[in-house]
Amino acid sequence: MSNDDVLAEAVRLIKSGQKDAARAILEPLLQRNPNNVQAWIWEAELFSSDSDKIKVLENCLKNNPGNSQVIQALNFLKSRATPSSSPSKPAKPFSVSPFTTSPFEDSASPSSFTNTPPVKPPPPVKPAPPFSTSPFTTTSPFVTDDSPSPLDSQKKQPPPSLPPAESAAPGQAVPPEKKTAQKRSKKKDALIFAGVFVVFLLLVIGYAVAGFYSNSQIKKSFAAQNCEAVVGHSAFSVLYPKGIFSNIFEGHDQYTQCSLKLDVEQTVAAKNWGAAYSLTREYLTLYPQGVFAEEMHKQSVETLSTWGKGLIADGNYGDGIEKLQTLTAAYPSDSVVPAMQDEIQQAYLDWSQVLRDGQSYADAEQKMQAALVYFGSDARAEKIKEELVNVYVGWGDSQIEIGNIDNALGYYQKAGEASQGKADIDLLIAKAYLKQAVETARKNDFEKALAKVKEIGDAAKSEKVTTEVNAAQKEIFALYSASNSQQAMDAIAESSSLICNGQSSPTLPIFGVNKDNTRFSFINSLGLPLPSGWAAETPGELHYVACAVETETEVETCSFNKGRNAVIRLRYDWALKLYNAASGEEYASQILEGSEPAKCKAKESFGGGIVEKKSYGNRPTVEQVVAWLESLNLRK
């Protein structure tokens, strides 16, 4: 951002009450551009006391000598903090105090002290009475302009008068003894006045001496960096206010520096990172060249680093990232910045992973977009882009699971755009349709699923798509072979019939894949089933197909009525063949004979023009088939 954009953002933050955030971007701006007067004025806005505002503006004036706007602001603040010492015409007041309203408020351009409507100037300060001999004879630093001095109270007392009875009559001379009494009374009054004056003068001198002594002790302790001893003079700032004595005693700044340093140490020990950071920034703003400036700089960096990492470790990624970003913005040239950028990158990646795991894809997308804006052209943005691709792919996959192919294809398209051609969009689209086909198979519609897979395979333009097609087909076959759905049962019957009729071998690799269960199918003209435990219940269990062809074998022909009639005795036989269900190859064969028909009778009647009769025995049984199969030792 340009300097103007940074300043505008700082103004917005100040108006919204976010002073710490405003300070974090104002101070780097002032380090880069110390001649920016408006930035200095907004920096002063961050402090509540006039003395701190004065300190900031004095730093501004060092970088902008002779700037009338800054001089005018300083004069205003100093006149408000220090009473006038002599009668003079009041200085022309600011139209608006630079610190009572926002410099940009109600104005089309940045802050100005002259283009806002004037306000009524303050009344002129009442002049103090002139000194008689020294500055301490009529007033002290704590006597205000409106309160009488000890001398004033003496001067306002009327001289003592004689009792009415002893007053000399008009025109008569005062007796000598009365003159003597009057002289004694005046002398007494003079002595009282002199005593009061001496006491007052001694108090003023003692007050001044105590101030210079305390100031010297503070300087001595400060030079030794003994801040505990410095802040031990806590009464100094109360008895000798900074607003009055700042030009006489430098101990005020030293006291403030040590107070801030000790407060920082205390808040760090308590792990109150927010307060610790604010205090370090306050010190660096007021005393950029202070004795403890380097220490405060390091502590500020360490505070933000520890604070941000701790928040991230607790799962508060947003606040943690914000603290680390504040660090990199406030101290862009610090040696820890590259490591902090790595921390920010990893925090964004971890945050996205957590959101993806919870299927909060919209939030994950928003965080990754914010990370891309933050890193810009930095090389760290590449991993962010890769994670954004993962977000879109996961989002698309989630739409596939609920059957929303159109939405899925849209997210896959975004994944391709985010990867800038690195992602194979055709592969993603193919995977979407293949996942849909697998879901169709899970609903036991295997024929439709396999048809879709074949369509995608025929249109495949890359080896990767072909690989995905084969994987999906294999998954569907596995589901098909383990299914006991009607479609699976129909597949068993159809494949078995084709094998028994010698028309073709099975085309689907779904038969006989279950190695734990060897089962059979039985094809016969009567539709007789195999008993439970022998008949395959899934295509995967079907290892063998038993085919039975029934024939009639003539056992005997009995003639009657001189050969004009006959009874033919017939036996049912089953020609059994056993085939491998997966390959269609013949494995074994057997002839099962039925029972013999009944013997011919000695006499048989033939009526109704019947020439011959047939007599059948019983057919072979399924039990005979099972016995034969069992003799082959195939069943598991």
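Residues numbered from 1 in each chain as written. Predicted model: local features only at pLDDT ≥ 70, side-chain atom pairs only at ≥ 80, totals over all residues. Heavy atoms only, no water.

Caption draft 1: Structural detail: helix α11 (residues 251–269). Here α11 spans 27 Å end to end across 19 residues, near enough to the 27 Å set by a 1.5 Å rise per residue. Regarding α11, the residues found buried are Gly251, His252, Gln254, Tyr255, Gln257, Cys258, Ser259, Leu260, Lys261, Leu262, Val264 and Thr267. Next to the buried residues of α11 lie α7 (176–223), α8 (227–231), α9 (236–239), α10 (242–245), α12 (273–286) and α13 (293–313). Looking one or two places after α11, you find Lys271, whose phi comes out positive at around 60 degrees. (Helix = DSSP H or I, 4+ residues; strand = E, 2+ residues; numbered from the N terminus. Expected span 1.5 Å × (residues − 1). Buried < 20%, exposed > 50% of the residue type's maximum accessible area, 1.4 Å probe, protein only. Contact = heavy atoms within 4.5 Å.)

Caption draft 2: Broad picture of the nonpolar core. Ranked by size, the top nonpolar core spans 91 residues in total, and within it Leu26, Leu57, Tyr283, Tyr348 and Tyr412 carry the most contacts. A total of nine residues in this core trace back to one element, the largest contributor, which is helix α17 (residues 381–401). Judged by nonpolar contacts, the second largest core, of 29 residues, contains Ile499, Ile510, Ala536 and Tyr579. (Core = buried A, V, L, I, M, F, W, Y, C linked by side-chain atoms within 4.5 Å.)

Caption draft 3: Summary view of the side chain of Asn215. Checked against the element boundaries, Asn215 lands in helix α7. In contact with Asn215, other than residues within four places in its own chain, are Phe236, Phe249, Glu250 and Gly251.

Caption draft 4: Looking closely at the state of the cysteines. Applying the stated criterion to the full structure yields three disulfides. Note that Cys227 is cross-linked by a disulfide to Cys258, the S-S spacing being 2.3 Å. Taking the sign of the S-S torsion, about -65 degrees here, the bridge from Cys227 to Cys258 comes out left-handed. With Cys227 in helix α8 and Cys258 in helix α11, this pair connects stretches of sequence that are 31 residues apart. Note on accessibility: Cys227 and Cys258 belong to one class, buried. Each disulfide pairs two cysteine sulfurs, and for Cys500 the partner residue is Cys547, the sulfurs being separated by 1.8 Å. As the torsion about the S-S bond is roughly -80 degrees, the Cys500-Cys547 disulfide counts as left-handed. Pair noted here: Cys500 is in helix α22 (residues 486–500) and Cys547 is in strand β2 (residues 542–560), with a separation of 47 residues, a long-range link. What links to what in the chain: the bonded cysteines, counted in sequence order, pair as 1-2, 3-4, 5-6. (Disulfide = S-S within 2.5 Å.)

Caption draft 5: The packing of aromatic side chains, seen in detail. One pass over the full model with this rule turns up 20 aromatic pairs. Judged by centre distance (5.7 Å) and plane angle (50 degrees), the rings of Phe236 and Phe249 are tilted. Here the residue Phe236 occupies a position in helix α9, and Phe249 occupies one in the loop between α10 and α11, the gap between them amounting to 13 residues. Note on Phe249: relative accessible area 4%, which makes it buried. With a centroid separation of 5.6 Å and an interplanar angle of 15 degrees, the aromatic rings of Phe245 and Phe249 are classed as stacked. (Phe/Tyr/Trp six-rings, centres within 6.5 Å; stacked < 30°, edge-to-face > 60°.)

Caption draft 6: Expanded view of the packing of α13 against helix α14 (residues 317–330). Between α13 and α14, the least distance of the axes is 7 Å, while the angle of their chain directions is 160 degrees. It follows from the interaxial angle that α13 and α14 lie roughly antiparallel. When the axes of α13 and α14 are compared, the crossing they make is left-handed. In this structure, α13 uses Val301, Leu304, Ser305, Trp307, Gly308, Lys309, Leu311 and Ile312 to contact α14, whose residues at the interface are Tyr317, Asp319, Gly320, Ile321, Lys323, Leu324, Thr326 and Leu327. For the contact of α13 with α14, a count of residues per class yields nine nonpolar, four polar and three charged. (Axes fitted to C-alpha atoms, helices over the stretch in contact; angles between N-to-C directions. Parallel < 35°, antiparallel > 145°, perpendicular 65-115°, else oblique. Left-handed = near helix turned anticlockwise from the far one by under 90°. Nonpolar A, V, L, I, M, F, W, Y, C, P; charged D, E, K, R; others polar.)

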